[in-house]
Amino acid sequence: MTTTHTPPPPHRQRTIVRIHFHPTHQTDPLYEQLLGVLEGISPRVEALPADWSAYLDLSSALRYWDRDTDGIISLIRLRLLALYGVTSSAGAGPTRSIAAMAAALTPPGHVTIVHDTPYEIAAFLRPRHTSELPGIGPKTARTLARYGITTVGDIVDTPPATLQRILGATPARQAHALAHGTDTRPVVPAAPAKSLSTTHRFHHDELDTDQHDRTVLALAENLGTRLRTTGEITEALTLTVTYADRTQTTRTRTLPEATAHTPTLTTTTRDLLRTLGLQRARVRALALRAERLRPDDTAAHQLTLDDRDDKLHRLEAALDQARARYGNNIAGAASAYHQATRSILQGRD
């Protein structure tokens, strides 16, 4: 009897692109149009509106378009510029994490491609700082640095058991896999959920944590005003920090109840900022995004015998009216509002 052995299926190379858009002005309709350009190249597009980027899986598109990775990315960038006047940057690699890391290192108007070979993957990953690895923020990077682990190559060379003692089981396994270039997460096509965002870019890399705090409070207040103007409420907030080296950390928190109420938004935003541990971090930009928006007439507000919340709403409405009449830059309005808010919360009228 002849025994036949079925050969293993050939390795299917993946090519994933993380593309960043750099428009002069950011609007939700423009973002959707830019996504349309990507969808004209490959149907596998995953929107990332928080930082004006997207993932694109080119694994099947390469054969369809009969071009290599660099050729398709050049085509995409040309269409974005010709149709909408938007410059872009992109990073490409065999996994989501490598594509994201390559994109973070790439300035506007340029492309970084890491090909799917063990040598190129290792050559790209090993010299990178640990904070550039997805999932490792400044606080975790400082913890690793105390043990002499400062690069992705150091993570590769550290025994898994030692890494687990430092980080814990799950984070250690994730860091170990990503450091070796292993990331099986697919690009999941999905339309961007309805959201609203606001961004502040510092004139210089900002180290002052008080300035970080003041900035996120201003972003939360801006979002609250815009939500109330459009008659919407948000179910969650996402805070994105961009560092001096263009790497990013993102935190999301679901609100106790959907709202457009500024005190709730500012409290949640401040809590998100504190979880990031930005002491000694050089911050280039802060972005706040209101996620999962819906009409404000669907709100279910918890009843309370305390009238402080009603007073805050009345104060908020008065400030909104002042802004609508005199503009967003009315002198002293924001500081007066926060002083009045503290007085109400402390039980003073």
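Reading the values: the criteria
- Residues numbered from 1 in each chain as written.
- Predicted model: local features only at pLDDT ≥ 70, side-chain atom pairs only at ≥ 80, totals over all residues.
- Heavy atoms only, no water.
- Helix = DSSP H or I, 4+ residues; strand = E, 2+ residues; numbered from the N terminus.
- Buried < 20%, exposed > 50% of the residue type's maximum accessible area, 1.4 Å probe, protein only.
- Contact = heavy atoms within 4.5 Å.
- Areas by Shrake-Rupley, 256 points an atom, 1.4 Å probe, with all protein chains shown as cover.
- Salt bridge = Lys/Arg side-chain N within 4 Å of Asp/Glu carboxyl O.
- Pairing = 2+ DSSP bridges.
- Phe/Tyr/Trp six-rings, centres within 6.5 Å; stacked < 30°, edge-to-face > 60°.
- Axes fitted to C-alpha atoms, helices over the stretch in contact; angles between N-to-C directions.
- Left-handed = near helix turned anticlockwise from the far one by under 90°.
- Nonpolar A, V, L, I, M, F, W, Y, C, P; charged D, E, K, R; others polar.
- Expected span 1.5 Å × (residues − 1).

Observations concerning the overall build of the protein
The secondary structure content of the protein amounts to 13 helices and ten strands. Out of the 349 residues in the protein, the part that is buried amounts to 46%. Taking all contacts inside the protein whose residues are at least 6 apart in sequence as the whole, residues at least 24 apart take part in 67%. By element, 53% of the accessible surface of the protein is carried by carbon and sulfur atoms, the whole surface being about 18800 Å².

Comments concerning the pattern of salt bridges
Within this structure, the stated rule accounts for ten salt bridges. With its nearest N and O atoms 3.1 Å apart, the salt bridge here joins glutamate 235 to arginine 292. With glutamate 235 in strand S7 (residues 232-243) and arginine 292 in the loop between strand S9 (283-291) and strand S10 (294-295), this residue pair connects regions lying 57 residues apart in the sequence.

Topic: the environment of alanine 145
Take alanine 145: it is sitting in helix H6 (residues 138-145). Judged by its relative accessible area of 40%, alanine 145 is partly exposed.

Notes on the environment of glycine 109
Relative to the elements of secondary structure, glycine 109 occurs in the loop between helix H4 (96-104) and strand S5 (111-113). Between the C-alpha atom of glycine 109 and that of phenylalanine 21, which follows or precedes it by 88 residues, the distance is 9.8 Å. With near-sequence residues (within four places) excluded, glycine 109 lies in contact with Arg77, Ser88 and Ser89.

Observations regarding the pairing of strand S3 (residues 53-57)
The buried fraction of S3 amounts to five of the five residues, a majority that puts the element mostly inside the structure. Along S3, one buried face is formed by Ser53, Tyr55 and Asp57 and the opposite face, lined by Ala54 and Leu56, is buried too. As judged from the five bridges shared by strand S1 (residues 16-22) and S3, these two strands associate in the antiparallel manner. Bridged to histidine 20 within S3 is serine 53. Pairing between strand S2 (residues 45-48) and S3: four bridges, direction antiparallel.

Looking at the packing of aromatic side chains
Evaluated as defined, the whole model comprises three aromatic pairs. Seen in terms of ring centroids, phenylalanine 21 and tyrosine 31 are 6.1 Å apart; in terms of plane orientation they differ by 75°. Their pairing is edge-to-face. With phenylalanine 21 in strand S1 and tyrosine 31 in helix H1 (residues 28-39), this residue pair connects regions lying ten residues apart in the sequence. As far as burial versus exposure is concerned, phenylalanine 21 and tyrosine 31 are alike and both buried. An angle of 65° between the planes, with centres 5.2 Å apart, marks the rings of tyrosine 31 and tryptophan 52 as edge-to-face. With tyrosine 31 in helix H1 and tryptophan 52 in the loop between S2 and S3, the pair connects residues that are 21 residues apart, well separated along the chain.

Notes on the packing of helix H10 (residues 209-230) against helix H11 (residues 262-275)
In contact at an axis separation of 9 Å, H10 and H11 are set at 145° when each is read in the N-to-C sense. The hand of the H10/H11 crossing is right-handed. Note on element contacts: H11 touches H10 through Thr262, Leu265, Thr266, Thr269, Arg270 and Leu273, opposite His212, Asp213, Val216, Leu217, Ala220, Glu221, Gly224, Leu227 and Arg228. Partitioning the contact of H10 with H11 into residue classes produces six nonpolar, five polar and four charged.

Observations concerning H11
Residue pairs three or four apart in sequence face the same way in an α-helix, which turns once every 3.6 residues. Spanning 14 residues, H11 covers 20 Å between terminal C-alpha atoms, matching the ideal 20 Å at 1.5 Å per step. All of the buried residues in H11 are Thr262, Pro263, Leu265, Thr266, Thr268, Thr269, Leu272 and Leu273.

Structural notes on the side chain of histidine 20
If you trace the backbone, histidine 20 turns up in strand S1. Beyond its immediate stretch of four places on either side in the chain, histidine 20 contacts Asp51, Trp52, Ser53, Thr87, Ser88, Ser89 and Ala103.

What to know about the sheet that holds S2
The five strands lie next to each other as S2-S3-S1-S4-S5, forming an open sheet whose pairing is mixed. The open sheet is flanked by S2 and S5, the only strands paired with a single partner. When strand polarity is set aside, the average angle formed by the axes of neighbouring strands in this sheet is 15°. Bridge analysis of strand S4 (residues 87-93) against S5 gives three bridges, and the strand direction is parallel. Its bridge partner lying in S5, alanine 90 is registered against valine 111. Contacts from H1 reach S1, S2 and S3, with the element oriented near 160° to S2. This element, H4, spans S1, S2, S3, S4 and S5 of the sheet and lies at about 140° to S4.

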